[in-house]
Structure formats: structure tokens, C-alpha cells
Number of protein chains: 2
Amino acid sequence: VLLLNIHHTAVAVRDLDEALSDLAAQYGVVPQHREVIIEQGVEEAMVAIGGSNLQLLMPLGDDTPVGRFLSSRGEGLHHVAFQVVDIEAALAHLEESGVQLVDRVARRGGGGHRIAFVHPKAFGGALIELVEVS
Amino acid sequence: VLLLNIHHTAVAVRDLDEALSDLAAQYGVVPQHREVIIEQGVEEAMVAIGGSNLQLLMPLGDDTPVGRFLSSRGEGLHHVAFQVVDIEAALAHLEESGVQLVDRVARRGGGGHRIAFVHPKAFGGALIELVEVS
């Protein structure tokens, strides 16, 4: 697996407008991209910071993955995303290594990129997303 | 506040050797830097990934900030660190904006950098560290 970058670090929030307003007031940064992704049940905003990004995730309802995360853990860091060269090769390598995957097949994520999640059991309890940038 | 980069995203782990071994097997990345920081009660490893870093934190004991985090939340994402140009200016701006700080004065962190933590209440429940690289 060739990692190109930490594509983004994601934060789950209850109110996307409020979180973006806090971020702008505190750090002077604004989102480049904002998108509702129905299939994932989220509205997301991507904020470039140097060579990486901060992603904000707001659930579209309580019965969504991020909605359930907020119910059980509250607001806070949600996952970290590694940008890979070839997401199929990365998933094949992880599966051969016995790593538990959330998504065995890549799917469409925000920005039209191809993404897949790795189970947090695999590494330090951290939810990891793989991203192949289109 | 001028943000230069996401300096690192940190993961709290129980066993640093095991986490580094998982990371190497799964993603082929190894730490550039490993350090015991007595004052913070942690052993940390820094793994460069593209233009940012993944930081692994292992507590030196249960009665440390990261030890208490593991007891209450378990392993997982711990904080995200923003690299700033001038940490005093950043802390002054945040304090003037009414933001709750964990550290009102910068202190020495890993790699000899100057760091300070911002309370997770300030933005989306996420613990944010400011880093001025030396």
C-alpha cells in the first residue's frame, strides 16, 4: 500500500454551520467544498489546511452512521483518511493481511473520490478511511 | 491565526510497539521519531505520511492525561494538531475570542516544538493542539 498523504481528518458535529463559524472565527479558515451525500447520510464540508484537510461531518438523521456515533460518543474526532494510489490494491493487501474491513469494495465518497473504510479494530481503535482521489 | 498545516493527527494506543507493527504491516510506514516525554506522561511516535504526520501516543501510566483518556474512551483518535506561525499570537487571539484553553501558555512538546492545547468545547468536541515548529 502506497500512502500519498493524510487526505483529511474528520470531526463529527451536530451543527455544521455553527462548527464552520467557530472554525472561521478561531482559525480564519473556510470550506472549499460542501456537499450532501445521501448514501452516507451526511452533509460534509472540507477545509484545506496546508497540505491536508479538516473534514466536518453532520448526520442527516439519527439513524445514520454519524448520527449513531454522535449518540454514543458525542461530537469529536471521527476518522482519519489516508490517500492511496490504488484503492483496489490497498483493499486487497489489507484483506490478505487479515485486516477487518468495513467496505470490501470501494464506493463513491465526497468530491467524487473513491473511498473505503477499515475497521477500527485493525489499528489502535482508529477508524481509517482510504481515499483514491479522482 | 495563520495555520500552516495539519501538523499531525494523534491516536491513543495501549501498546506502542504493537500499533507501530500493525501500521507497518498494513501501510508500510515507519516512525521517523520516537520519544518519551515525562512531563506529559507519554511515549510518542511520529510517522510521516505525505505532507502531514500520524502521531501515536502511549501513556506512561494510568494516572496521566492519555491514561485517563484510554480508561474512559478506549483506544482511538485523540487530537488533531494545527501548525501555527506564532503560538503566542494564536493563543492571544483565541483568548480574546473567548475560547477556552487547556494551556494558556505554550510549553515544550515532542521534537522540541512549542505546543498548547485548546479545550474540545471550543470546536466540535475535538481536542486541538497548536504547534509552533522549532
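See the structure printed just above.
Quick notes on the rules
Residues numbered from 1 in each chain as written. Chains lettered and ligands numbered in written order. Predicted model: local features only at pLDDT ≥ 70, side-chain atom pairs only at ≥ 80, totals over all residues. Heavy atoms only, no water. Pairing = 2+ DSSP bridges. Helix = DSSP H or I, 4+ residues; strand = E, 2+ residues; numbered from the N terminus. Expected span 1.5 Å × (residues − 1). Buried < 20%, exposed > 50% of the residue type's maximum accessible area, 1.4 Å probe, protein only. Arc of directions from axis to C-beta. Polar contact = N/O pair within 3.5 Å; in protein donor to acceptor, adjacent residues only side chain to side chain. Phe/Tyr/Trp six-rings, centres within 6.5 Å; stacked < 30°, edge-to-face > 60°. Salt bridge = Lys/Arg side-chain N within 4 Å of Asp/Glu carboxyl O. Contact = heavy atoms within 4.5 Å. Buried area = accessible area lost by both parts, 1.4 Å probe. Least-squares fit on C-alpha atoms with pLDDT ≥ 70 in both. Core = buried A, V, L, I, M, F, W, Y, C linked by side-chain atoms within 4.5 Å.

Engineer: Which residues make up the sheet that holds strand β5 (residues 76–84) of chain B, and what values go with them?
Structural biologist: Residues and elements named next belong to chain B. The mixed open sheet is built from eight strands, whose spatial order is β2-β3-β4-β1-β5-β8-β7-β6. Bordering the open sheet on either side are β2 (33–37) and β6 (107–108), each of which pairs with just one other strand. One ladder, built from four bridges, connects strand β1 (residues 3–12) with strand β4 (residues 52–59); its direction is parallel. Across the sheet, A10 pairs through a bridge with Q55, a residue of β4.

Engineer: Tell me about helix α1 (residues 16–27) of chain A, and please be specific about residues and values.
Structural biologist: All names here are of chain A. In this model, α1 (twelve residues) spans 16 Å end to end at C-alpha, consistent with the 16 Å of a helix rising 1.5 Å per residue. Residues of α1 that are buried: L16, A19, L20, L23, Q26 and Y27. Angularly, the buried residues of α1 cover 140 degrees about the axis, an arc narrow enough to put them on a single face. Of the residues that open α1, the one with a side-chain oxygen 3.1 Å from the backbone nitrogen of D17 is D15. With its phi angle positive at about 65 degrees, G28 sits one or two positions after the end of α1.

Engineer: Provide a residue-level description of the packing of aromatic side chains, including the pertinent values.
Structural biologist: Scanning the entire structure with this criterion turns up two aromatic pairs over all chains. With a centroid separation of 5.1 Å and 80 degrees between ring planes, the pair formed by Y27(A) and F82(B) is classed as edge-to-face. With Y27(A) in helix α1 and F82(B) in strand β5, this residue pair bridges two chains. Accessibility expressed as a relative area gives 1% for Y27(A), which makes it buried.

Engineer: Can you explain the pattern of salt bridges? Please cite residues and give values.
Structural biologist: One pass over the full model with this rule turns up 18 salt bridges over all chains. Ionic pairing is found between D17(A) and R34(A), a salt bridge with its closest N-O pair at 3.0 Å. Here R34(A) lies in strand β2 (residues 33–37) and D17(A) lies in helix α1, a separation of 17 residues in the sequence. Taking the relative accessible area as the measure of exposure, R34(A) reaches 38% and is therefore partly exposed. One salt bridge connects E88(B) with R114(B), and the closest N-O pair in it is separated by 2.6 Å.

Engineer: For the interface of chain A and chain B, give the residues involved together with the corresponding values.
Structural biologist: The partner chain B presents 42 residues to the 42 residues of chain A that form the contact. In terms of surface lost to chain B, no three residues of chain A exceed Q26(A), Y27(A) and F123(A), which account for 23% of the buried area on that side. Across the chain A-chain B interface, the total number found is zero salt bridges. For the pair chain A and chain B, the number of links is twelve residue pairs in polar contact (both at pLDDT 80 or more). For the side of chain A that touches chain B, the secondary-structure elements that each account for two or more residues are β1 (3–12), α1, β4 (52–59), β5 (76–84), α3 (87–96) and β8 (128–132) of chain A. Per-element accounting of the side of chain A that touches chain B gives the leading share, seven residues, to β1(A).

Engineer: Break down the relation of the copies chain A and chain B for me, citing the residues and quoting the values.
Structural biologist: Least-squares fitting of chain A to chain B yields an RMSD of 0.0 Å, with the transformation described by 0.0 Å of translation along the axis and a rotation of 180 degrees. In the structure described here, the two chain copies are related by an operation that fits a two-fold rotation axis. Scanning chain A for the C-alpha nearest the rotation axis identifies G51(A), at a separation of 2.8 Å. A high fraction, 100%, of the interface residues of chain A reappear at the interface in chain B, so the copies pair face to face through one surface.

Engineer: Talk me through helix α3 (residues 87–96) of chain B; I want residue IDs and the actual numbers.
Structural biologist: All buried positions along α3(B) are accounted for by I87(B), A90(B), L91(B) and L94(B). One side of α3(B) holds all its buried residues, which, seen down the axis, span an arc of 95 degrees. On its buried face, α3(B) sits against α1 of chain A together with β5, β7 (114–118) and β8 (128–132) of chain B. Taking the backbone nitrogen of E88(B) as reference, a side-chain oxygen 3.1 Å away marks D86(B) as the first, capping residue of α3(B). Downstream of α3(B) by a residue or two, G98(B) has a phi angle that is positive, lying close to 80 degrees.

Engineer: Requested: an account of the nonpolar core, with residues and values cited.
Structural biologist: Formed by 68 residues in total, the largest nonpolar core has its most connected members in L130(A) and L130(B). Excluding residues within four positions of it along the chain, L130(B) makes contact with Y27(A), F82(B), V84(B), I87(B), A90(B), L91(B), L94(B), R114(B), I115(B), A116(B) and V118(B).

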